[in-house]
Amino acid sequence: MPDLGTRQLGKLTAREVRLYLDSLGRAGRGVRTIRYVHATLSAALEDAVREELIEKNVANEQYSE
C-alpha cells in the first residue's frame, strides 16, 4: 500500500488507514513507531474536522497491532 500522502482527506477511509498501518508493521516498523504514526495522523485529521475540512476523523477507530 502506498503512503497516504497522495489521498485527499475527504476520500480517506478507515480501511485505508488500517491497511497503511498494517503495511508499516509488515515493513518491519516497531509497535511504538506505528502507534506514533497513528496518533499523529489522528491528531491531524482531528484538526481537519475542527476546521470543517472533513466531517469525520477516520483514524479515530481503535487500531490494534
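You'll find the structure just up there.
Parameters at a glance
Here, residues in each chain are numbered from 1, in the same order as that chain's written sequence. Note on the predicted model: pLDDT of at least 70 is required for a residue's local features to be given, and 80 or more for side-chain atom pairs to be given and counted; whole-chain, interface and lining totals, by contrast, use all residues. Side-chain descriptors were evaluated using all non-hydrogen atoms of the structure, hydrogens and water having been removed beforehand. Under the DSSP-based scheme used, a helix requires at least four consecutive residues in state H or I and a strand at least two consecutive residues in state E, with every element numbered from the N terminus. For this measure, only C-alpha atoms enter the radius of gyration; the expected value for a globule follows 2.2 Å times N^0.38, where N is the number of residues. By definition, residues are in contact when any of their heavy atoms lie within 4.5 Å. To measure how exposed things are, a 1.4 Å probe is used in the Shrake-Rupley method; for residues, cover is taken only from the protein chains shown. Just so you know, the count uses Lys and Arg for positive and Asp and Glu for negative, and it drops His and the chain ends. Throughout, a charge is located at the NZ atom of Lys, the CZ atom of Arg, the CG atom of Asp or the CD atom of Glu. Here the axes come from fitting lines to C-alpha atoms, over the contacting stretch only for helices, and the angles between their N-to-C directions go from 0 to 180 degrees. Convention used here: angles under 35 degrees read as roughly parallel, angles over 145 as roughly antiparallel, angles from 65 to 115 as roughly perpendicular, and any remaining angle as oblique. Take the far helix as the reference: if the near one is turned anticlockwise from it by less than a right angle, the crossing is left-handed, and if turned clockwise, right-handed. Gly is placed with the polar residues, together with every amino acid not listed as nonpolar (Ala, Val, Leu, Ile, Met, Phe, Trp, Tyr, Cys and Pro) or charged (Asp, Glu, Lys and Arg).

Student: Help me understand the overall build of the protein chain in this model?
Tutor: If you tally the helices and strands in the protein chain, you get two helices and zero strands. Scaling as 2.2 N^0.38, a compact globule of 65 residues should have a C-alpha radius of gyration of about 11 Å, and the protein chain matches this with 12 Å. Its C-alpha atoms put the protein chain at 35 × 20 × 15 Å along the principal axes. Residue pairs at least 24 apart in sequence account for 36% of intrachain contacts in the protein chain once pairs closer than 6 positions are excluded. Counting only carbon and sulfur atoms, one obtains 48% of the accessible surface of the protein chain, whose full area is about 4,800 Å². Computing the positive centroid from 10 side-chain charges and the negative centroid from 10, the protein chain places the two 8 Å apart.

Student: Is there a simple way to think about the packing of helix H1 (residues 14-26) against helix H2 (residues 31-50) in this case?
Tutor: When two helices pack together, their arrangement is given by the angle between their axes and by how far apart the axes lie. Closest axis-to-axis distance for the H1/H2 pair is 10 Å, and the angle between their directions is 155°. One finds that H1 runs roughly antiparallel with respect to H2. Crossing of H1 over H2 shows right-handed handedness. Residues Val17, Tyr20, Leu21, Leu24 and Gly25 of H1 form the contact with H2, whose participating residues are Ile34, Val37, His38 and Leu41. In the contact of H1 with H2, the residues fall into seven nonpolar, two polar and no charged.

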